[in-house]
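Below, each chain spelled out in residue letters.
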Amino acid sequence: MYGCSGLSLFSEDLLVMEGMSLKNEEPVSAAHLISAARWGNSKAEAILRTAGAALGVGIVNILHTVNPSLVILCGVLASYYENPVKQIISQRALSSVQGIKVLTSDLEEPALLGAASMVLDYATRRTY
């Protein structure tokens, strides 16, 4: 069972609000969480906050290890995670990475573009 504070992500009865519909065979998805949060469901909002904080902690660890110049969040939940990630970075990151930019991407497949740029970078390196 996955969840936060004892709430299962599969407990659709706790997330469904007036005006929402969820078929019994349909698992709870990110779209359902977003919809429930927009309707004012505090449990859905708590799940998104907790997940954003967890993502922020993971990104802080990556910042300390790899030291990238930019963090780009993408996907359906990116806009919900941007502020929690920035907050966790300001609270927990070393001062050397506190000024990192955190942005969201509107691209449909940013991971593929990133992978393609890495391949292009590797293929065009000159070794002597």
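Everything below is about the structure shown above.
Note that the coordinates shown come from a computational prediction; the quantities given were computed from them, not determined experimentally. (Residues numbered from 1 in each chain as written. Predicted model: local features only at pLDDT ≥ 70, side-chain atom pairs only at ≥ 80, totals over all residues. Heavy atoms only, no water.)

### Overview of the pairing of strand S4 (residues 101–104)
Which entries qualify depends on this criterion: DSSP-based pairing: two strands are paired if at least 2 bridges between them are found. Strands here are runs of E lasting at least two residues and helices are runs of H or I lasting at least four, both read from the DSSP assignment and numbered beginning at the N terminus. Handedness is read with the strands pointing away from the viewer; a crossover is right-handed when the path from the first strand over the helix to the second is clockwise.
The sheet contact formed by strand S3 (residues 70–73) and S4 spans four bridges and is parallel. Counterpart to Ile 72 in the pairing with S4 is Leu 103. A crossover links S3 with its parallel partner S4, the connecting element being helix H4 (residues 78–92), and its sense is right-handed.

### As for the nonpolar core
Under the convention used in this document: Here, nonpolar core means buried Ala, Val, Leu, Ile, Met, Phe, Trp, Tyr and Cys residues that are tied together by side-chain atoms lying within 4.5 Å of each other. Burial status follows relative accessibility: with a 1.4 Å probe on protein chains alone, a residue under 20% of its type maximum counts as buried, one over 50% as exposed, and anything between as partly exposed. We call two residues contacting when some pair of their heavy atoms lies within 4.5 Å.
Membership of the largest hydrophobic core comes to 22 residues, with the highest contact counts inside it found for Ile 59, Leu 63, Val 71, Leu 73, Val 85, Ile 89 and Val 102. Counting residues per element, the ones that place at least two in this core are helix H2 (30–38), helix H3 (42–66), S3 and H4. Top contributing element to this core by residue count: H3, with six residues. Other than its neighbours up to four places away in sequence, Ile 59 contacts Val 71, Leu 73, Val 85 and Ile 89.

### Thoughts on the environment of Ile 59
Structurally, Ile 59 is set in helix H3. For Ile 59 and Ile 89, which are 30 residues apart along the polypeptide, the C-alpha to C-alpha distance reads 7.9 Å.

### A closer look at unusual backbone geometry
A positive phi angle, close to 55 degrees, is found at Asn 67, a residue other than glycine. Along the chain, Asn 67 falls in the loop between H3 and S3.

### A word on the layout of surface pockets
Short version of the rule: Here a cavity means grid points, on a 1 Å grid over the protein atoms only, where a 1.4 Å probe fits yet cannot get out; a pocket means an open set of points with protein on both sides within 12 Å along at least five of seven lines; lining residues are those with an atom within 4 Å of a point. Grid points are joined across faces, edges and corners, and a volume is the space filled by probe spheres set on the points. Any residue outside Ala, Val, Leu, Ile, Met, Phe, Trp, Tyr, Cys, Pro, Asp, Glu, Lys and Arg is labelled polar, Gly included; the first ten of those are nonpolar and the last four are charged.
In this model, the largest pocket occupies a volume close to 190 Å³. Looking at the lining of the largest pocket, the elements that each hand over two or more residues are H3 and S3. It is H3 that contributes the most residues to the lining of the largest pocket, four residues altogether. Along the lines of polarity and charge, the residues of the lining of the largest pocket split into eight nonpolar, no polar and no charged.

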